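# Topology and contacts: notes
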Amino acid sequence: MTYKVLHIGTGGFGERWCDTFLPPNVADGTIEVVGLVDIDATALETGRKHLGLKSEQCFTSAAQAFQMVDAEFCTIVIPPALHEGIVDLALARGMHILSEKPIADTMEASVRIAEKVRMAGLNMGVTMSHRFDQDKSTLRALVSADAIGRVNTVSCRFAGDFRVYDSWGRFRHEMMHPMLIEGAVHHLDIMADLAGAPCTSIYARTWKPEWADYKGDTDAIVSMDFANGAHGVYEGSSAQATGLNDWAFEYVRVEGETGTAILDHREIELFHRYPMRLRQASRQGKGQQVSLLPGKKWQNALLIEQFCQWLDGGPPMATSVWENLQSVALVFSAIESVRLGQPVKVQEFLQSYREGASIESR
């Protein structure tokens, strides 16, 4: 079945959806984009040209678009604080939802959205694009295939140069926790996926160097414990001098019982332990090079396809809104850890909000 889509947000990263993620799924008949929305008329026209839509299919008012456009689901690519309003419009029309991360800009709103979707009996997915990039998918396949044995630690470093105002989207420079909400939301999610178990405890410290043109904290160091005994360390910064590990070029290392897997700048190396040796030493660059998995679709293009397969009656996608609450909980429990100056028990933190949402919906 070809699903009709109303796409919300054509500026900033929304343009990437219009020129990169949506077109492959249009070309193979997975979807048909039947409407576009953006408050910026210039961005709206750019999106229209990318997708070849008619002017009458484009709207600067989301409310008007939802009244006028007949679609099976909508895609949401606007700032997190605006997600819930669009979700409400979609649910009122009986539309399924595929949204950019995070679910919302607060833990309360994220759980509230998930509860609304559940009560409406509709499907909602969240596009955790970086976890489903080609390089991270290859690393996940290695770890899942037991190439390095039981996971002991997962390390991740993101080091980007976005210190100048508006170099990372203006709204992020105005946020209180841009690194955690807009950056670590991807990286902590990837780490939990590689660890293979929910995070049980998180301890975070954040700060902003004086040269970073932000209102909020641009740098973070996060320590994580997982339910299966694995541990994680995250280092993230949007104010680095040289952009050593920018978006899509992160450093990720998974240490296991029998080996180590390293992802750096989209290249993967595998190191094995030789059982007969008393001690061994290795060096990055000297390991076994691993080819990336083949595939035509990655990141959000792949997730759009998986969402449509879910609508076709397949199993829920790995990033359904209910599963993705774990990812959101990582971010907001990290923010709570910063506030308290101590570790936070992630599952208890999430459960407290779930119970609150259940009470409100009765």
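Note that this is a predicted model, so its numbers are computed, not measured.

## Considering the overall build of the protein chain
When helices and strands are tallied, the protein chain shows 11 helices and 15 strands. Against the globule reference of 21 Å for 362 residues, the protein chain gives a C-alpha radius of gyration of 21 Å, in line with a compact fold. Along the three orthogonal principal directions, the C-alpha set of the protein chain runs to about 70 × 45 × 45 Å. By sequence separation, contacts in the protein chain at least 24 residues apart represent 69% of the contacts at least 6 residues apart. Carbon and sulfur atoms provide 51% of the accessible area of the protein chain, an area that totals close to 16,300 Å². For the protein chain, the centre of its 34 positive side-chain charges and the centre of its 45 negative side-chain charges are spaced 4 Å apart.

## A short note on the nonpolar core
Counting 89 residues, the largest nonpolar core has Leu6 and Ile202 as its most contacted members. The element contributing the most residues to this core is helix H8 (residues 178-195), with 11 residues. When residues of this core are sorted by domain, at least three fall in each of domain 1 (3-130 + 300-324) and domain 2 (133-291). Setting aside its immediate chain neighbours within four residues, Ile202 contacts Leu188, Val222, Ser223, Met224, Leu330, Ser333, Ala334, Ser337, Gln342, Pro343, Val344 and Val346. Judged by nonpolar contacts, the second largest core, of 27 residues, contains Ile31, Val77, Trp298 and Phe307.

## Details of unusual backbone geometry
Geometrically, the link from Lys101 to Pro102 is a cis peptide bond, its omega value of -25° lying close to zero. Relative to the assigned elements, Pro102 resides in the loop between strand S5 (96-100) and helix H5 (107-120). Here the phi dihedral of His265 falls at roughly 55°; this positive angle occurs in a residue that is not glycine. Among the secondary structure elements, His265 is positioned in the loop between strand S12 (259-264) and strand S13 (267-272).

## Looking at the packing of aromatic side chains
Taken as a whole, this structure holds nine aromatic pairs when the rule is applied. Ring geometry for Phe158 against Trp247: centres 4.6 Å apart, planes inclined by 45°, an arrangement best described as tilted. In this pair, Phe158 sits in strand S7 (residues 151-159) while Trp247 sits in the loop between strand S10 (231-237) and strand S11 (251-256), placing the two residues 89 residues apart along the sequence. Take Phe158: its relative accessible area is 0%, and that puts it in the buried class. Their ring planes at 80° and their centres at 6.1 Å tell us that Trp310 and Trp322 sit as a pair that is edge-to-face. A residue pair is termed long-range when its members are at least 10 positions apart, and Trp310 in helix H9 (residues 299-311) and Trp322 in helix H10 (residues 321-340) qualify at 12 residues. Assessed through its relative accessible area of 28%, Trp322 is described here as partly exposed. Connected via pairs of aromatic rings, a cluster forms that spans Phe73, Phe307, Trp310 and Trp322. Seen from the ring of Phe132, Arg140 lies directly overhead, with NZ or CZ sitting 5.0 Å from the centre. The positively charged end of Arg157 is found above the aromatic ring belonging to Tyr251, 4.8 Å away from the centroid.

## Quick notes on the pattern of salt bridges
Here the structure, examined in full by the defined rule, presents 22 salt bridges. Across the pair Arg266 and Asp135 runs a salt bridge whose closest N-O atoms are separated by 3.6 Å. Taken together, the residues span a long stretch of sequence, with Arg266 in the loop between S12 and S13 and Asp135 in helix H6 (residues 134-144) at a distance of 131 residues. A residue is classified by how much of its surface remains accessible, and Arg266, at 22% relative accessible area, is partly exposed.

## Topic: the side chain of Arg172
You can see Arg172 is positioned in helix H7 (residues 170-173). A distance of 2.8 Å separates the side chain of Arg172 from the backbone oxygen of Trp168, its partner in a polar contact. Once you skip the residues sitting within four places of it in the chain, Arg172 turns out to touch Pro178, Glu182 and Tyr214.

## Side note on the layout of surface pockets
Of the pockets and cavities examined, the largest pocket occupies roughly 1,000 Å³. Forming the boundary of the largest pocket are 40 residues, of which Gly11, Gly12, Phe13, Gly14 and Phe171 lie nearest the centre. Considering every element that reaches the lining of the largest pocket, the biggest residue donor is helix H1 (residues 13-27), with four residues. When we break the lining of the largest pocket down by domain, the ones giving at least three residues each are domain 1 (3-130 + 300-324) and domain 2 (133-291). Looking at the second largest pocket, its volume works out to about 280 Å³. Forming the boundary of the second largest pocket are 14 residues, of which Arg131, Asp189, Ala192, Glu323 and Gln326 lie nearest the centre. By residue number, the principal contributor to the lining of the second largest pocket is H10, which donates five residues. Its residues assigned to classes, the lining of the second largest pocket comprises six nonpolar, four polar and four charged. Counting contributing residues per domain, the lining of the second largest pocket is built from domain 1 (3-130 + 300-324) and domain 2 (133-291), each supplying no fewer than three.

Definitions and limits used
Residues numbered from 1 in each chain as written. Predicted model: local features only at pLDDT ≥ 70, side-chain atom pairs only at ≥ 80, totals over all residues. Heavy atoms only, no water. Helix = DSSP H or I, 4+ residues; strand = E, 2+ residues; numbered from the N terminus. Rg over C-alpha atoms; globule rule 2.2 N^0.38 Å. Contact = heavy atoms within 4.5 Å. Areas by Shrake-Rupley, 256 points an atom, 1.4 Å probe, with all protein chains shown as cover. Lys, Arg positive; Asp, Glu negative; His and termini not counted. Charge placed at Lys NZ, Arg CZ, Asp CG, Glu CD. Core = buried A, V, L, I, M, F, W, Y, C linked by side-chain atoms within 4.5 Å. Buried < 20%, exposed > 50% of the residue type's maximum accessible area, 1.4 Å probe, protein only. Domains from an automatic or database assignment. Phe/Tyr/Trp six-rings, centres within 6.5 Å; stacked < 30°, edge-to-face > 60°. Lys NZ or Arg CZ within 6 Å of the ring centre and 35° of its normal. Salt bridge = Lys/Arg side-chain N within 4 Å of Asp/Glu carboxyl O. Polar contact = N/O pair within 3.5 Å; in protein donor to acceptor, adjacent residues only side chain to side chain. 1 Å grid on protein atoms, 1.4 Å probe; cavity = no way out; pocket = protein on both sides within 12 Å on 5 of 7 lines; lining within 4 Å. Points joined across faces, edges and corners; volume = space filled by probe spheres on them. Nonpolar A, V, L, I, M, F, W, Y, C, P; charged D, E, K, R; others polar.

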